[in-house]
Amino acid sequence: MTDDVVRRKRAPNATMLAGGAIVLIVGFIALFAPHLLHVDPNLQDLASTSVPPAFVTGGNAHHLLGTDHLGRDMLARILFGSRIAVIVGLSVVLIGGTIGVSLGLLAGYAGGWVDDAIGRIVDVQLAFPFILLAVALVAVLGSSVTTVIAVLGVTSWVQYVRVVRAETKSLRERDFITAAKATGATNLRIVVKHIVPNITSVVIVLATFEVARAIILESALSFLGLGVPQAIPSWGAMLADGRQFLDTAWWIGTFPGIAIMLTVLGVNIFGDGLRDYVDPR
């Protein structure tokens, strides 16, 4: 196979590039939101409530996406809401991934009663109602970004355990692992030097999908009033505010919904393209 063919086969596909572009745009907005629009997202103007978007009859050029029922600028709230989505998505993946990958490696490589014990913990976690856990933690810790991250972090690790455990058990039986043991390599060295590099691509792909899942769940919790405080702009809370105005001020709930849809779609198609890119077949 020539070098040109290899490069062509390993070139990022259109799906991955399109999703990556959306992810980069959302990340850029989240990072530079205060500099992109110098408007306080929580500033209320009761004289300008439910102003339509600028491109709709009756709109105001100073409010490109209109205002909500309290006169707050919708564009500013959506831009600042992206920060919560990104922070929660990345934090949840970091926490859940660290716990899940560690337990998955331990279960897959050790096997025996260790594997059985971790498997039972996973079963208990999957059987525990997510909303009940969220309500309990919010009642004890209070509504905050930290609480949302904690709730989602302690419920997302099971996906990593199941995938990493299966991959590790498969790799454990390979010839190169047997050869490493024959040379006197310790179990820790085998896991770190031989198994972890071979499951990294799988974990990265899974993590991209888990980011999208975390964004959806954070929006759902905020929609139910169990997420971030009202003082912090959140797409889910904006959806909750807009549901009662769909007939009279459709933009209050529509634009946050579009923001959630585009962000999750971008992350998912990026993950799908990344899966195809790292697949050796």
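Conventions we followed
- Residues numbered from 1 in each chain as written.
- Predicted model: local features only at pLDDT ≥ 70, side-chain atom pairs only at ≥ 80, totals over all residues.
- Heavy atoms only, no water.
- Helix = DSSP H or I, 4+ residues; strand = E, 2+ residues; numbered from the N terminus.
- Buried < 20%, exposed > 50% of the residue type's maximum accessible area, 1.4 Å probe, protein only.
- Areas by Shrake-Rupley, 256 points an atom, 1.4 Å probe, with all protein chains shown as cover.
- Lys, Arg positive; Asp, Glu negative; His and termini not counted.
- Charge placed at Lys NZ, Arg CZ, Asp CG, Glu CD.
- Phe/Tyr/Trp six-rings, centres within 6.5 Å; stacked < 30°, edge-to-face > 60°.
- Polar contact = N/O pair within 3.5 Å; in protein donor to acceptor, adjacent residues only side chain to side chain.
- Contact = heavy atoms within 4.5 Å.
- pLDDT = per-residue confidence, 0-100.
- Axes fitted to C-alpha atoms, helices over the stretch in contact; angles between N-to-C directions.
- Left-handed = near helix turned anticlockwise from the far one by under 90°.
- Nonpolar A, V, L, I, M, F, W, Y, C, P; charged D, E, K, R; others polar.
- Core = buried A, V, L, I, M, F, W, Y, C linked by side-chain atoms within 4.5 Å.
- Salt bridge = Lys/Arg side-chain N within 4 Å of Asp/Glu carboxyl O.

Helix and strand counts for the protein come out as 10 helices and zero strands. Scanning the protein from its N terminus toward the C terminus, one meets helices and strands in the order α-α-α-α-α-α-α-α-α-α. The C-alpha extent of the protein, read off along each of the three principal axes, is 80 × 55 × 30 Å. By residue count, 42% of the 281 residues in the protein fall in the buried class. Surface exposure of the protein reaches about 14700 Å², of which carbon and sulfur atoms provide 66%. Within the protein, the 19 negative side-chain charges are centred at a point lying 9 Å from the centre of the 20 positive side-chain charges.

What follows concerns the packing of aromatic side chains. With the rule as written, the count across this model stands at four aromatic pairs. Relative to F32, the ring of F28 lies with its centre 4.9 Å away and its plane at 45°, an arrangement referred to as tilted. Taken together, the residues F28 and F32, both in helix 2 (residues 14-36) and four residues apart, mark about one turn of the helix. Judged by relative accessible area, which is 44%, F28 ranks as partly exposed. Members of the aromatic cluster, joined through ring pairs, are F55, W250, W251 and F255.

So, on to the side chain of T155. Assignment of secondary structure puts T155 in helix 6 (residues 145-172). A residue is classified by how much of its surface remains accessible, and T155, at 8% relative accessible area, is buried. Only 3.1 Å separates the side chain of T155 from the backbone oxygen of L152, close enough to count as a polar contact. Beyond its immediate sequence surroundings of up to four residues, T155 is in contact with Q125, F130, L133 and R213.

The pLDDT averaged across the protein works out to 86; a share of 95% of its residues lies at or above 70. Averaged pLDDT values for the elements of the protein fall to 48 in helix 1 (residues 3-10) and rise to 92 in helix 3 (residues 74-110). Low pLDDT, under 50, characterises residues 1-8; the stretch is placed with two contacts to residues that sit more than four places away or in other chains.

Relative orientation of the contacting elements helix 3 and helix 6 amounts to 35°, with a least axis distance of 5 Å. Seen from above, helix 3 lies across helix 6 with right-handed handedness. Considered class by class, the residues forming the contact of helix 3 with helix 6 number 21 nonpolar, nine polar and three charged.

Ranked by internal contacts, the top residues of the largest apolar core, which has 38 residues, are I78, L105, I190, I195, I199 and W235. For this core, the secondary structure elements donating two or more residues are helix 3, helix 6, helix 7 (175-182), helix 8 (187-223), helix 9 (235-242) and helix 10 (251-278). Among the elements that take part in this core, helix 8 stands out by supplying 10 residues, more than any other. Apart from the residues within four sequence positions on either side, L105 is in contact with A110, V164, T168, V191, I195, V196 and I199. Core analysis: the second largest hydrophobic core is formed by 15 residues, A134, I149, L152 and L217 among them.

Oppositely charged side chains can pair when the atoms bearing their charge come close. According to the stated counting rule, one finds eight salt bridges in the structure shown. One salt bridge connects D68 with R72, and the closest N-O pair in it is separated by 2.8 Å. Note on accessibility: D68 and R72 belong to one class, buried. The partner of R165 in a salt bridge is D115, and the shortest N-O contact between them spans 2.6 Å. Linking R165 in helix 6 with D115 in helix 4 (residues 112-127), this pair joins segments that are 50 residues apart in sequence. Overall, the relative accessible area of 8% leaves D115 in the buried class. When salt bridges that share partners are traced, they join D68, R72, R77 and D241 into one network.

Along the polypeptide, R72 turns up in the loop between helix 2 and helix 3. At 2.8 Å, the side chain of R72 forms a polar contact with the side chain of D68. Once residues within four sequence positions are removed from consideration, R72 is found in contact with P41, N42, L43, Q44, G66, T67, R77 and D241.

Before going further, it helps to examine the environment of S222. Summarising the element assignment, S222 is placed in helix 8. Sequence spacing of S222 and L65 is 157 residues, and the spatial spacing of their C-alpha atoms is 21 Å. Setting aside residues no more than four positions away along its own chain, S222 makes contact with G227, V228, S234, G236 and A237. At a separation of 2.7 Å, a polar atom in the side chain of S222 contacts the side chain of E218.

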